[in-house]
Amino acid sequence: MEILNYTEEHRIFRDSLRRFLEKEITPHVEEWEEAGIVPREAWKKMGEQGYLAMGVPEEYGGPGADFLYSVIVTEEMTRTNHSGLAAALHSDIIVPYIQSFATEGQKHKYLPGCVSGDIITAVAMTEPNAGSDLAGMKTTAVERGDEIVLNGQKTFISNAINADLVVLAARDPHTEDPHRAVDLFLVEAETPGFEKGKQLKKVGWHSQDTGELFFNDCRIPKENRLGEKGSGFLKLMLKLQQERLVCAIGAVAGAEYMLELTIKYCKERTAFGKPLSKFQNTQFEIVEMATEVRLGRTFIDKLVADHMEGREIVVDVSMAKYWTTEMASRVADRCVQLFGGYGYCEEYPIARAWRDIRVTRIFAGTNEIMKVIAARFMGL
Ligand SMILES: Cc1cc2nc3c(=O)[nH]c(=O)nc-3n(C[C@H](O)[C@H](O)[C@H](O)COP(=O)(O)OP(=O)(O)OC[C@H]3O[C@@H](n4cnc5c(N)ncnc54)[C@H](O)[C@@H]3O)c2cc1C
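All values derive from a computational prediction rather than experimental measurement. (Residues numbered from 1 in each chain as written. Predicted model: local features only at pLDDT ≥ 70, side-chain atom pairs only at ≥ 80, totals over all residues. Heavy atoms only, no water.)

### With respect to the pairing of strand β3 (residues 147-157)
Okay, step 1: Where strand β2 (residues 140-144) lies against β3, five bridges are found, and the strand directions are antiparallel. What sits directly across from A141, in β3, is L150.
Okay, step 2: Remark: two residues form the turn of the hairpin made by β2 and β3, two consecutive strands paired antiparallel; G145 in that turn has positive phi of roughly 60°. (Pairing = 2+ DSSP bridges. Helix = DSSP H or I, 4+ residues; strand = E, 2+ residues; numbered from the N terminus.)

Below, the structure is given as structure tokens:
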């Protein structure tokens, strides 16, 4: 019995998305990895086909699709083996902040563009001295009349260079309790005082335009604060569940993809007169990896079902994020070993997949922080 109830429509959608990605996205990945960024036209193409922000309701220009469509997009994007066109980050992590917390006017202003690919989004929480410890953020938001003045710096921001709209976390310097001081703000890229800094040179995720953002007396209208003053932390906590689930879905899909590449390779490559897949060690490696991948798949499918039913799954999702990303990293490493020297060469997709999986243990809350959260909620 399947855990998730995919309908015929879901299956047709997955097939057409896969064909679209094979034709329009995958052939350009090498070029984008070299360039360090994905051109905006690629985002537009995704939007035109209806593959972005699928959860946005019809009244704001979206299809109002269920979360299974998001799962399909995340899984199929993973198979393109690149990180630059961060559709899941945009559609299922950032856009939901606007969808849930923005005013009606802002929803009508921004959401149609998020769906069409005309507006690329980023979420800016991390600072040079505040990552895991978000309460320590220094970026300030001070009310002056009808405006809010922003000052500070963010780093490690995905889509930083392409972003048209940023969901920014900043604190009121006059509120002492750090958990009541933080709010989320919508900042348009063209706002005076908002500057994009340098793109970070990373070990992996080469096509992703991760960078720094600076705010120097950047003035935004007061209504660009999302929701009531002092509710930013709560909003982050509410939305981080889906962020971590999306991260876990990507990790399992990545592990499945890497294993598939490796099984194919081991059946084709020969040594000592027989395919690698006929050596007992290769078989044991593959069976052990397939077991872990299936455990991960069962776990996340169950969590997707729970999430869609609106259950609170903080502990499980924290466990899933840390376990699936570590599992996928183990799988990546063992797969590279089975590829031998070719596994270490750029021409072979397994090399990039191995390099790119590493960061999933660091972002979306480090795996250590996942265990801190789980332990706290388990009453330890
Ligand atoms: C490619 C990439 C993309 C990213 N995209 C975004 C983005 O779009 N938006 C955004 O806001 N951020 C983004 N980040 C930032 C990311 O979320 C942070 O790097 C992450 O939260 C960790 O923060 P840090 O780097 O400051 O590490 P630190 O918080 O300094 O942690 C360093 C180490 O200490 C450990 N540690 C810290 N506190 C504890 C504790 N209480 N108990 C046990 N161990 C602890 C950590 O687990 C880690 O191992 C991205 C990062 C990368 C690399």
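### As for the site of the ligand
Okay, step 1: In the region of the ligand, 17 residues are neighbours, and T126, S132, F156, T366 and E368 sit closest.
Okay, step 2: Measuring from a nitrogen atom of the ligand, one finds a backbone N or O atom of V123 at 2.8 Å.
Okay, step 3: Expressed as a share of its isolated accessible area of 970 Å², the protein-covered part of the ligand is 65%.
Okay, step 4: If you list the elements that add at least two residues to the shell around the ligand, you get β1 (121-124), β3 and α12 (367-377).
Okay, step 5: A total of three residues in the shell around the ligand trace back to one element, the largest contributor, which is α12.
Okay, step 6: Considered class by class, the residues forming the shell around the ligand number 10 nonpolar, five polar and two charged.
Okay, step 7: If you count residues domain by domain, the shell around the ligand takes at least three from each of domain 2 (123-228) and domain 3 (233-377). (Near = heavy atom within 4 Å. Polar contact = N/O pair within 3.5 Å; in protein donor to acceptor, adjacent residues only side chain to side chain. Areas by Shrake-Rupley, 256 points an atom, 1.4 Å probe, with all protein chains shown as cover. Nonpolar A, V, L, I, M, F, W, Y, C, P; charged D, E, K, R; others polar. Domains from an automatic or database assignment.)

### A short note on the domain arrangement of the protein chain
Okay, step 1: In terms of domain boundaries, the protein chain breaks down into domain 1 (8-118), domain 2 (123-228) and domain 3 (233-377).
Okay, step 2: Using only C-alpha atoms to locate each centre, domain 2 and domain 3 end up separated by 30 Å.
Okay, step 3: The interface is formed by 15 residues belonging to domain 2 together with 11 residues belonging to domain 3.
Okay, step 4: Put simply, domain 2 and domain 3 have zero salt bridges between them.
Okay, step 5: Linking domain 2 with domain 3 are two residue pairs in polar contact (both at pLDDT 80 or more). (Contact = heavy atoms within 4.5 Å. Salt bridge = Lys/Arg side-chain N within 4 Å of Asp/Glu carboxyl O.)

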